[in-house]
Amino acid sequence: MKERRLVILGAMLFSACSLVFYILPAYLAFVSARLHLTPAEFGTLASVEHMALAMTSLLSPLWVDRFARKPWLLVAALLVCVVGNIAAAFSGSFAALLTIRTLVGFFGEGIVCVICFVVLGATLNVDRSFSIALASVVAIGALIVSSASTLSAALPTFGPLAAVIAVALLALPFAPWLTAVNPSAATENIQTDAAESASIEDGVIVALLAQCVWSAGPGAFWAFAERIATAQGVSTGRIEVALSIGLVGSLVGALVPAWQGRRWGQIVPLGAGTFAIALAGGAYYLLSDNSLALPISIAAFYALWNYCSVYQMSFVTGLDQRGRFTAVIPSMQVFGFALGPFCTGFLVEWIGIPGAPLALLLFTAAGMALYLIALARHRSARARVEWSVA
């Protein structure tokens, strides 16, 4: 019963803190039509909430041990999400909206996200828990995106934000379940001195760096996905249909790890997924003028992105036995998503649009190499600890 509660709570919090990013295109279109945003304002609004959440995640090691398991903090953060999104719905200027979204990202979604990762990291089957949480928000996001016009017509003030508010409200009654997280679960069998602990944490830090570098690949490719297809002469309508089909692939990719578990560990599925996502990106570039290959390749890209994300998150969580760095995972993902398009823009200027699938290959391969280094460092440190204890 305790395990089930943690999984349900983790999935609900994952949706509450990240749903706005999964419906971002629909939400930005809604806001842009209302406030007549310029391209620069459009881009700023798209990134500011990501960065605010990332900063909360990055600062979480300073407070996560003392406060992450306090139900009152979770309730306060969820209320910030609710009140902040209501305020955003009534904001009448870009400056006001930008301020509100920054505050919601930092004090609302950011804190909820940190607590969410603590909850999911405390479950017995971390791979399955992250898989369920990711599949839940993908499914909800797909439903909202597909009904965005209906929501906007029925609730012209709130539009897609109505669903984000509803999810945060639904999570509120479950805040007391946070007490089911055992603060000693991650450390009950670890008796190491400060030097040994620091040695073990070296592997965790390298794994977090790996996540940042790896995430830059899909982030870069996704940013240029439409331009890749356009460069091959594909019509806008066909691109939109292909991207919609891709949502189905993302749901499949999120659910497969829940079934697969750790039959082949974490590194083997992550390595296989890394190789396959590079192939999917290459196929999308080379075969995008094929009406059948276009949706299949983008669906495969989506599926493999989520598939690898589950094993990345659970891999870092597994290395971080003291739970000090798990909550930093979202910030590494966000920084990777920002790093990828930035670097790839220069690469595309240099060699043309093939630079986008090439960036996907280079970033994911480099990230995978860093994961292997992290695993080697962690095993070496653990072996030294066990030898010294013996």
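Placed above this text is the structure.
Please read these numbers as outputs of a predicted model, since none were measured by experiment. (Residues numbered from 1 in each chain as written. Predicted model: local features only at pLDDT ≥ 70, side-chain atom pairs only at ≥ 80, totals over all residues. Heavy atoms only, no water.)

Student: What's the story with the overall build of the protein chain in this structure? I'm lost.
Tutor: Tallying secondary structure elements over the protein chain gives 16 helices and zero strands in all. Every one of the 390 residues in the protein chain was classed for burial, and the buried ones make up 53%. For the protein chain, long-range pairs separated by at least 24 residues make up 86% of all intrachain contacts whose partners lie at least 6 apart in sequence. Carbon and sulfur atoms make up 70% of the accessible area of the protein chain, which totals about 16,500 Å². (Helix = DSSP H or I, 4+ residues; strand = E, 2+ residues; numbered from the N terminus. Buried < 20%, exposed > 50% of the residue type's maximum accessible area, 1.4 Å probe, protein only. Contact = heavy atoms within 4.5 Å. Areas by Shrake-Rupley, 256 points an atom, 1.4 Å probe, with all protein chains shown as cover.)

Student: Could you clarify how one ought to interpret a nonpolar patch on the surface in this entry?
Tutor: A cluster of nonpolar side chains, contributed by Trp350, Ile351, Leu358, Leu361 and Leu362, occupies part of the molecular surface with about 520 Å² of accessible area. For the nonpolar patch, the element with the highest residue contribution is helix α16 (residues 355–389), accounting for three residues. Among the structural elements, Leu358 can be located in helix α16. (Patch = residues over 30% accessible without salt bridge, like charges linked within 9 Å, V, L, I, M, F, W, Y side chains within 5 Å. Salt bridge = Lys/Arg side-chain N within 4 Å of Asp/Glu carboxyl O.)

Student: Looking at this structure, I do not really get the nonpolar core. What am I missing?
Tutor: A general feature of soluble globular proteins is that nonpolar side chains tend to end up buried together. Ranked by internal contacts, the top residues of the largest apolar core, which has 111 residues, are Leu13, Leu78 and Val112. Discounting chain neighbours no more than four positions away, the residues touching Val112 are Leu13, Ala16, Cys17, Leu74, Ala77, Leu78 and Cys81. The next biggest cluster of nonpolar side chains, apart from the first, holds six residues, and it includes Val213, Ala220, Ala359 and Phe363. (Core = buried A, V, L, I, M, F, W, Y, C linked by side-chain atoms within 4.5 Å.)

Student: What exactly am I supposed to notice about the packing of helix α1 (residues 2–22) against helix α9 (residues 161–171) here?
Tutor: Each pair of packed helices can be summarised by the angle the axes make with each other and by the distance between the axes. As a packed pair, α1 and α9 sit with axes 9 Å apart at the nearest point and diverge in direction by 155°. It follows from the interaxial angle that α1 and α9 lie roughly antiparallel. Like other packed secondary-structure pairs, α1 and α9 cross with a definite hand, here left-handed. On α9, the residues touching Met12, Leu13, Ser15, Ala16, Leu19 and Val20 of α1 are Ala163, Val164, Val167, Ala168, Leu170 and Ala171. Among the residues making up the contact of α1 with α9, the classes are represented as 11 nonpolar, one polar and no charged. (Axes fitted to C-alpha atoms, helices over the stretch in contact; angles between N-to-C directions. Parallel < 35°, antiparallel > 145°, perpendicular 65-115°, else oblique. Left-handed = near helix turned anticlockwise from the far one by under 90°. Nonpolar A, V, L, I, M, F, W, Y, C, P; charged D, E, K, R; others polar.)

Student: Help me understand the pattern of salt bridges in this model?
Tutor: A pair can form between side chains of opposite charge whenever their charged atoms are brought close. Applying the stated criterion to the full structure yields two salt bridges. Among the salt bridges present, the one from Glu49 reaches Arg101, with a minimum N-O distance of 2.6 Å. Residue Glu49 is located in helix α3 (residues 39–59), and its partner Arg101 is located in helix α6 (residues 94–121); the two are separated by 52 residues in the primary sequence. In this structure, Arg101 engages Glu109 in a salt bridge whose closest nitrogen and oxygen atoms are separated by 3.9 Å. The exposure class of Glu109 is buried, given its relative accessible area of 0%.

Student: Help me out: how do you make sense of the side chain of Ser32 in this one?
Tutor: With respect to the element layout, Ser32 can be found in helix α2 (residues 24–35). Ignoring any residue separated from it by four or fewer positions in sequence, one finds Ser32 in contact with Leu37 and Phe42.

Student: Can you help me understand helix α13 (residues 267–287) in this one?
Tutor: In an α-helix, one turn spans 3.6 residues, which is why side chains three or four residues apart end up on the same side. Under the 1.5 Å per step criterion, the end-to-end length of α13 is 30 Å for 21 residues, consistent within 8% with the ideal 30 Å. Within α13, burial applies to Ile267, Pro269, Leu270, Gly273, Thr274, Ile277, Ala278, Ala280, Gly281, Gly282, Tyr284 and Tyr285. (Expected span 1.5 Å × (residues − 1).)

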